[in-house]
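Coordinate inspection notes
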Number of protein chains: 2
Amino acid sequence: MESNIKDVARLANVSISTVSRVMNMPEKVAIETRVKVQEAMKELNYTPNALARGLIYKRTKSLGVLIPDISNMFYSEMLHGMEHAAQRHHYNLILCNTDNNKARMLESLNMLKEKQIDGLVFTSEPVYPDYYEVFKKLQIPIVLAATHSLEFDIPSVKVNDEQASFDAAECLIKHGHRRIGMICGSITDNVTAMPRLQGFLRALRVHDLETDVDSQVQFGGYKFEDGYEAMGQLLRKFPDITAVFASSDERALGAISYLHEHGKSVPEDISVIGFDNLRLAQMSIPKLTTVGQPLYQIGYLAVEKLDHLIQNEHVGELRTYVRHELVERQSVARR
Amino acid sequence: MESNIKDVARLANVSISTVSRVMNMPEKVAIETRVKVQEAMKELNYTPNALARGLIYKRTKSLGVLIPDISNMFYSEMLHGMEHAAQRHHYNLILCNTDNNKARMLESLNMLKEKQIDGLVFTSEPVYPDYYEVFKKLQIPIVLAATHSLEFDIPSVKVNDEQASFDAAECLIKHGHRRIGMICGSITDNVTAMPRLQGFLRALRVHDLETDVDSQVQFGGYKFEDGYEAMGQLLRKFPDITAVFASSDERALGAISYLHEHGKSVPEDISVIGFDNLRLAQMSIPKLTTVGQPLYQIGYLAVEKLDHLIQNEHVGELRTYVRHELVERQSVARR
DNA sequence: ATGAAAGCGCTAACAT
DNA sequence: ATGTTAGCGCTTTCAT
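Residues numbered from 1 in each chain as written. Chains lettered and ligands numbered in written order. Predicted model: local features only at pLDDT ≥ 70, side-chain atom pairs only at ≥ 80, totals over all residues. Heavy atoms only, no water.

Chain A is annotated in an unreviewed UniProt entry as LacI family transcriptional regulator from Paenibacillus xerothermodurans.

1. A short note on the overall build of chain A
Counted only if it meets this: Helical segments are the DSSP runs of H or I of at least four residues, strand segments are the runs of E of at least two, and each set is numbered from the N terminus. Partly exposed residues are those whose accessible area sits between 20% and 50% of the maximum for their type, while under 20% is buried and over 50% is exposed, using a 1.4 Å probe and protein chains only. Working rule for contacts: check all heavy atoms of both residues, and any pair within 4.5 Å makes them a contact. Each accessible area is a Shrake-Rupley estimate made with a 1.4 Å probe; only the visible protein chains count as cover when residues are assessed.
Helix and strand counts for chain A stand at 13 helices and 12 strands. The dimensions of chain A, computed from C-alpha atoms along their principal axes, are 85 × 40 × 35 Å. Looking at chain A residue by residue over its 335 residues, the buried ones come to 58%. By sequence separation, contacts in chain A at least 24 residues apart represent 70% of the contacts at least 6 residues apart. For chain A, the accessible surface area stands at approximately 14200 Å², while carbon and sulfur atoms represent 49% of it.

2. A short note on the sheet that holds strand E9 (residues 271–276) of chain B
Residues and elements named next belong to chain B. Short version of the rule: Here, strands pair whenever DSSP counts at least two bridges between them. Lines fitted to C-alpha atoms define the axes, with helix axes restricted to the stretch in contact, and inter-axis angles between N-to-C directions lie between 0 and 180 degrees.
Judged by pairing direction, the sheet is mixed, and its six strands sit side by side in the order E7-E6-E8-E9-E10-E12 without closing on themselves. Taken across any chain shown, the strands that pair with only one partner, and hence form the sheet edges, are strand E7 (217–219) and strand E12 (325–327). For this sheet, the mean inter-axis angle between neighbouring strands, taken without regard to orientation, is 15 degrees. Across the face of the sheet, helix H9 (residues 193–206) comes into contact with strand E6 (180–184), E7, strand E8 (243–246) and E9 while running at roughly 170 degrees to E6.

3. Side note on the domain arrangement of chain A
Residue and element names in this part refer to chain A. Stated precisely, the cut-off is as follows: Residue ranges for the domains originate in an automatic or database domain assignment. By buried area we mean how much accessible surface two parts lose on assembly, using a 1.4 Å probe and totalling the loss over both. Any carboxyl oxygen of Asp or Glu that lies within 4 Å of a side-chain nitrogen of Lys or Arg is treated as forming a salt bridge with it. Throughout this description, a polar contact denotes any pair of N or O atoms lying within 3.5 Å of each other; where both atoms belong to protein, one of them has to be capable of donating a hydrogen while the other can accept it, and for residues adjacent in sequence the pair is counted only when both atoms sit in side chains.
Per the domain assignment, the segments of chain A are domain 1 (5–53), domain 2 (62–159 + 295–323) and domain 3 (161–292). Of note, the centres of domain 2 and domain 3, computed from C-alpha atoms alone, are 29 Å apart. Contacts between domain 2 and domain 3 engage 12 residues on the former and 11 residues on the latter. Here domain 2 packs against domain 3, burying approximately 990 Å² in sum over the two surfaces, 56% of which is carbon and sulfur. Its largest share of buried area at the contact with domain 3, domain 2 owes to Asn72, Met73 and Val159, together 40% of the area lost on that side. The tally of links from domain 2 across to domain 3 stands at two salt bridges. The salt bridge partner of Lys223 is Asp69, with a shortest N-O separation of 3.9 Å. On the surface where domain 2 and domain 3 come into contact, there are four residue pairs in polar contact (both at pLDDT 80 or more).

4. A few points about the relation of the copies chain A and chain B
To keep it simple, the criterion reads: C-alpha atoms of residues with pLDDT of at least 70 in both copies form the basis for the least-squares superposition of the copies.
Least-squares fitting of chain A to chain B yields an RMSD of 0.1 Å, with the transformation described by 0.0 Å of translation along the axis and a rotation of 180 degrees. The transformation relating the two chain copies, once decomposed into turn and shift, fits a two-fold axis. A high fraction, 100%, of the interface residues of chain A reappear at the interface in chain B, so the copies pair face to face through one surface.

5. Side note on the interface of chain A and chain B
Residue-level contacts link 61 residues of chain A with 62 residues of chain B. Between chain A and chain B, a total of about 5700 Å² is buried, with carbon and sulfur atoms accounting for 54% of that surface. Residue Lys287 of chain B pairs with Glu261 of chain A through a salt bridge whose shortest N-O separation is 4.0 Å. Where chain A touches chain B, the interface holds 34 residue pairs in polar contact (both at pLDDT 80 or more). Where the side of chain A that touches chain B is concerned, the elements lending two or more residues are helix H4 (50–57), helix H5 (73–88), strand E2 (92–97), helix H6 (102–114), helix H11 (224–237) and helix H12 (249–261) of chain A. In terms of residue count, H5 of chain A provides more of the side of chain A that touches chain B than any other element does, eight residues in total.

6. A short note on the nonpolar core
The nonpolar side chains of a soluble globular protein tend to be buried with one another. Short version of the rule: Nonpolar core, defined: a set of buried Ala, Val, Leu, Ile, Met, Phe, Trp, Tyr and Cys residues in which side-chain atoms within 4.5 Å join the residues together.
In terms of nonpolar packing, the biggest core is built from 158 residues, with Leu79 and Phe200 of chain A together with Leu79 and Phe200 of chain B touching the most fellow members. Excluding residues within four positions of it along the chain, Phe200 of chain B makes contact with Ser165, Phe166, Ala169, Ile180, Gly181, Met182, Val217 and Phe245 of chain B. Counting 34 residues, the second-largest nonpolar core is a separate cluster that includes Ile154 of chain A together with Ile94, Ile117 and Phe135 of chain B.

7. As for the protein's contact with DNA strand C
What counts, and what does not: Near is defined per residue: the residue qualifies when any heavy atom it owns lies within 4 Å of the molecule or strand.
Within the structure, DNA strand C sits among 27 residues, and Thr18, Arg21 and Thr33 of chain A together with Ile5 and Tyr46 of chain B are positioned closest to it. What you see for DNA strand C is that sugar and phosphate hold 66% of its atoms within 4 Å of the protein. Within the side chain of Ser17 of chain A, one N or O atom sits 3.0 Å away from a base nitrogen of DNA strand C. Side-chain polar atom of Thr18 of chain A to a phosphate oxygen of DNA strand C: 2.7 Å apart, as the coordinates give it. Put simply, the parts of the chain that give the surface near DNA strand C at least two residues each are helix H2 (16–24) and H4 of chain A together with helix H2 (16–24) and helix H4 (50–57) of chain B.

What follows is the structure in structure tokens.
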């Protein structure tokens, strides 16, 4: 039942080249033959085979996307943007969940290369030197989304984390807070967690507040549970705290949950500011004040940048930094 | 720099069939030639071309996934399950976001067919007769995830919505509630919204409570904002309500938000039970009591079922119903 | 305006 | 154990 170009040619009484022509340069074929061929196509329910085409054109209009955890809202919002950009530029997205697992990532990369993807979007993780080696071997355009590399020249789209964190901390300070804690990502992550820490500390310094990382900062994972845990530890180290900067919305919600369970109300007793502005930031009680990054846009732009690379047009800037935005809701109060 | 089987053959001083053999049946080639070929592959950084293979095998090890909105946690959790099953069975997932837009869906389906996917996962939307026509033309195995069709014989994986809703309502009733409202999906959706409504009503009837759809049920979208709106309307129609069944977690959170803003506390004044058990159900204050559906598992099983179909093994049951689970947290109180 | 034939990178008979 | 060749479905010269 699967029909191919030959079947169409036979039914329409023309050669396969004519069929090919009506698909790719219809104006070059006589109107009546064209119609005849189109009717044959319809009758046979013909669909061209992209594998055969890809073999010839040496491009597939498929992009690979490597994501650590799709069930995380952070990534799914970015992915949404990527998908829309992909549709717009007639690409398909092949999705690979890496679970932050290197072996799995290498495996995925291999599959993607075999499938002859035209380009790759790599998200969030830092580009370690061995990753870079793999990328080079891939021989295809790559764009980093929500991450970047200062060591290597790989195009990227992300927010300025240092400045965004600075703004978060300053928001707290401007609301009159002086004893401010931070719930931060892993110390080993110097593409996201460290710049955020630095931005936080810079704001404190600029406003003549003391900084003591040991007592003010709690490191940990980015999840709700991690935020919950971290809030507990922070409170123990730094009991008279009046505000907390949690550098992801999930962490912030975890922190709020901890505070709630321990009889502190937000923002009356303690203010909390988050980072990301995921959709859930509007769903919490109190609604979360946070520094928003335009995740959808990051995904969208990453794919468009990739498209430019593939088309060999001007790539524009190597590292694109998109604007963050302070979204003031209810979790930060004046003191 | 892109090397192919010919390059490898030349470098290893063998024919291309020998190279092909070391890839597909290495035991059939002399150990020393094999090593020679493998070295050549490594040196040339050779990767087989899946397009060429697919052309011959007539299967691509790619699956299409149609999803209305990936940035929705509901879908991203399912997608996560699908992706893991896909990895396990050596498939790639080609992701298409349909935005609930029919034209876009048809376009995606067309692209997917051209790319010769081995199978398709279709999520959530009801299968309208015209969709079914399109599916038939596709000529490939299809599995429905979190939806099903009683009209057409298409394999599916989902929860028993009627019973799940029954359990939700009964939970409320067993906590002593008698004046219970429901926030429901669209009346036109008879694959999900209607069964849930029926389950709700059945529970009321079984427990000898009056049922009056007009005053007790508010229809609307599945989002947070919709839940917020609906809660307002419901309260106006049915002021002395003591409990609400919101048939999605997002709606439930919206309802809670409305109640909170209007001076009613949950669960002291009004109890709320949700549906889905998304990760955010644990993040709210109060933590949400809800009827959980195993979304990850639904995705996982859908892909495995698709694999069975593709392998032409026994499909097992046509319609698989997975277990839901009542997750009691803090948003429902005894009365 | 249309057709014949080569070739994209690979596998699978069929030789040897 | 290895090589030769046809062909998967298509595009693209090159003829006519």
